[in-house]
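# Structural overview for review
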Amino acid sequence: MKKTHKSTEKVGAVGWFPVCGKNYPENREKRKRKRIDSSCTQRSKFTSTFQHGSMDAINKIYSSVSQTVSTLSAVFLGNPLTKDYDIAEHIGSAGTELVWKIYTGSKRTTKEVASIFVFDKKQLELFTKDEREEICENIRRGVVQLTKIRHPQVLTVQHAMEESRDTIAFATEPVVASLANLLGNTTNVSNTGLLAEYKLSEFDTKFGIFELIKGIRFLHDEVQLVHRHLCTENIIVNKQGVWKLFGFGFCWSKRAPGTPVGNHPFKSRLLGNPGSKWTAPELILENTCNDSTDIYSLGILIYTIYTRENIPSPDASSDLYGYKQSVTKLSNQGPPKLTAIPESLRSEVKKMLSVNPQARPTLQSLTQISYFCDQYVQCLDSLETLFPKDNLEKSEFYKRLATIIGDIPHRVRLYRILPLLVKEFVNCSMIPFVLTNILTITASCTRAEYMQHVSSHLRPVMLLDEPVQIMLIFFQNLDVLLKVCPSEEIRASVLPLVYKALESKSQQIQELCLSIIPSVVVHLDKATIKGGLVPRIKTLCSGTNLVSVRVKCLLCLGQLAPKIDKWVMIDDIVSYLPSVNCREPAVIMAIVGVYKISFNTDGLGIPKDVLACKVLPHLFPMTIVNGLSLQQFNAIIALIKEFTRKIEDEQGDKLGSKAGSISSSTSSSSSLQEKQQSELQQSFGSLGFGSGNDLYGDFMQSPASTVPKQTAQSTAQQQQQQQQQRKAGGGPMKLQLKPLQPQSNLNWSVSPMATTAKENSNNYNLFTQQQQQQNASSTLQNKVHPPPAIAMPMMPAPAAAPTASMASNMWMNNNGSTGVTKRLELTSPTNSSSSNPYGQLQPLIPTPSQTGGKASAKSATSPMLSKEDIMEFLQK
């Protein structure tokens, strides 16, 4: 018992159960957990192995996003601004010593793009508590003052300042960076790639300085403020390229001139305080301030922009004597690299750096120097104040702008001029003047720039019907739109414009539209061409009365040939051409051109049945239209010959292939055909038509021709055989029809009409009277119904019957009066009756009798024999 207990303790399961109890609940649960753990381990290994390659890219993206989010979360920790704005990328820095970080962002409710300025208080860790509070107070003062001022040359605040324990932040209009960043100072900037792409042009610099002068003048005259801290760090360049004032933390109000200038930041250098290199000497040495203080700082700013370096000067807070000597030398001799400044501005900059405030130029005089009297600067300056003026003045300005807008840098046109031009779309009478300039700007845009900046403004204008010049300008510059528009945009905006132009009543617009359709078709699918474009062109072609429009419609249809399917071309275009009114040579040649293009274009072609049934019957009448020149006639004839040659070749090949298949059939069928041909030749030979190739040649011979001797001999032999059969038989004679044999004097051809119908009738009546007089002495009293007037060769008769010559010369003539059978002997004027047993056949025209009896109803109604007469004769 003791041994058993020891073994139980040694190998027992959880809960002190013995080993033998494998089915106990604790043991089953343990085994189940092991199986689950092992399966999870295997599944995780398989998943990691299977997804290792595809997950690398996802992990990289996830890590970068996570890092960005964590960085932003650390920067904006607890700031209320994050509730209203989504913050994305760090793009620049601004403010004195670049203490502000600039981020891109957007408002969560309206998705409006913005820039977020953030001041991180962690930069103040090296300062004392009082110093940190003083620095933060200057930061707050500058933001509050900035929020109060509204001017085009002052940075616009969209959301007021928000402060947390670690940050101060506010939202502004979208900006690029500070001017210091664009000039190469990238302090406190994490992503410098965007700054490297932005290049300041000569025009940007010139107009930027001009705008700064206007902004400073506004501060001095309207707001009564002196900035006191003009520097490249406090100049912000927005998305439109406008230079704007920033950093009002040390501004001084002019409203209390007796008040001494406080806030001396040069004795103790703190973070964000103005540097002596940007400050006027009187403010440091004499503690005085006036309008010329900002003019001195502006001169330093212009020098730095053009030379890309600061004027060498000692710091006034550490070496006041050296600073005083430096500014005196600068005033007398000028800066060392003054030649880098443009010549028209050089002398003014030297005056602006004078130690004496009275020697400096005023802001008004600076705007009037020759450097700023550039036509581009003046034009752009006038454009910003043009909107409230009258239409006549606007129209003249926009005409002048069209002559110089091509020389203005693209970025200035896109971000500065375009927003000012699209404001005029509310005035329909000004749209034609503005639209020309906008399309000039569009010509230098990329597709992304067009879709982002231009497309949303042009779409509503494309739907306007008045004034008509709008549509005309669009079609004159449609190649520009096709270059920058994606295919989806062409179908959404350009194609409705084309449809509307085809339905327009203006001939010039219709012709322009038709001329550009082939370039539009490249961007359209085949279903749109077939269902939308081709029917409208056909409708315009059928409905217009203008030859030029109809010709352009046909030429446009021909130019669509390489872009459409074969059966669309045949069913919708080629089949439509016969319905076009083609009385003018120009229209005819356009139709000929469409036929030729359809016939010769690779992948198309016109089938031979369409050529034979539709095309050629349409082309033949065109050849006799009046007004065609010889060259045009030859072109049509050449096309007809080309079509006919195609039919000849294809149909000939088809029939030849059939003949070959018949000749290659079995020998039994060929022998059967030979037997049938021999039988056919024998049957025709028994009729005496000869054995030539033309089975009917002898039958159509003239009276002068003679019967071949072989045929006559064969006929005589047949007659002898028949007589011998009759003699040998001794029975009743069996009538056998003798085949009709051609006679040498039988003329079945119709002689040409040499006389009139009246003369023929008179001659025949005279001939009839002569025959009646000869027959009056005859004693024949046969009262039978007259047979129809038809020549029949008589059958062979027995010996008791009348002679063959008498029977063969019997012609029955019914004159409708006497009912007496008469025998007429018709003689030919050329051949005697003795040589011609039948006489020459002449057409019998029944005429009324000379005796004046009542004519029969049949002969009176019609000069020809009726069917009843013929049947009655055959029964007799």
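You'll find the structure just up there.
Residue positions are given per chain, counted from 1 along the sequence in the order it is written. Per-residue local features of the predicted model are confined to residues with pLDDT of at least 70, and side-chain atom pairs are confined, for both listing and counting, to 80 or more; whole-chain, interface and lining totals are unaffected and use all residues. The side-chain values count all of the structure's non-hydrogen atoms but skip hydrogen atoms and water molecules.

## Describing helix H11 (residues 343-352)
A 1.4 Å probe rolled over the protein chains alone gives each residue an accessible area, and that area as a share of the maximum for its type sets the label: buried under 20%, exposed over 50%, partly exposed in between. Secondary structure is summarised from DSSP: a helix means a run of H or I of at least four residues, a strand means a run of E of at least two, and numbering begins at the N terminus for each. Among all positions of H11, only Leu345, Glu348, Val349 and Met352 are buried. Buried residues along H11 cover an arc of 105° about the axis, so they all sit on one side. Lining the buried residues of H11 we find helix H9 (291-307) and helix H12 (363-366). Working definition: the arc comes from the directions between the helix axis and the C-beta atoms, pointing outward to the latter. Contact criterion: two residues are considered in contact whenever any of their non-hydrogen atoms come within 4.5 Å of each other.

## A closer look at the pairing of strand S4 (residues 157-163)
The side chains of a regular strand alternate between the sheet's two faces. At least two bridges found by DSSP between two strands are what make those strands a pair. Where S4 lies against strand S5 (residues 167-172), four bridges are found, and the strand directions are antiparallel. Along S5, the bridge assignment pairs Val157 with Thr172.

## Some details on empty space enclosed by the protein
Think of a 1 Å grid over the protein atoms and nothing else: a 1.4 Å probe that fits but is trapped marks a cavity, an open set flanked by protein within 12 Å on at least five of seven lines marks a pocket, and residues with an atom within 4 Å of a point count as lining. Grid points are joined across faces, edges and corners, and a volume is the space filled by probe spheres set on the points. The final tally for this structure, using the stated rule, is ten cavities of 30 Å³ or more. There is about 210 Å³ of room inside the largest cavity. Contributing to the lining of the largest cavity are 20 residues, with Trp100, Asn138, Ile139, Gly247 and Gly249 lying nearest its centre. If you tally residues by element for the lining of the largest cavity, the top one is helix H4 (residues 129-148), at six residues. As a working rule, the residues Ala, Val, Leu, Ile, Met, Phe, Trp, Tyr, Cys and Pro are called nonpolar, Asp, Glu, Lys and Arg charged, and the rest polar, with Gly in that last group. Counted by class, the lining of the largest cavity contains ten nonpolar, ten polar and no charged residues.

## Structural notes on the environment of Ala492
Relative to the assigned elements, Ala492 resides in helix H20 (residues 487-502). Sequence separation of Ala492 and Arg459 is 33 residues, and the distance between their C-alpha atoms is 9.0 Å.

## A word on the sheet that holds strand S9 (residues 243-245)
Strand-to-strand pairing in sheets goes through backbone hydrogen bonds, with the strands running parallel or antiparallel. In space, the three strands of this open sheet follow the order S6-S8-S9, with antiparallel pairing throughout. In the strand order of this sheet, the two ends are held by strand S6 (175-178) and S9, each with one partner. The mean inter-strand angle of the sheet, taken between neighbouring strand axes irrespective of direction, is 35°. Pairing of strand S8 (residues 235-238) with S9 involves three bridges; the strand directions are antiparallel. Of the residues in S9, the one forming a bridge with Ile236 is Lys244. Axis definition: a line fit to C-alpha positions, over the contact stretch in the case of helices; interaxial angles, taken between N-to-C directions, run 0 to 180 degrees.

In short, the description is geometric, and any link to function would need to be established separately.
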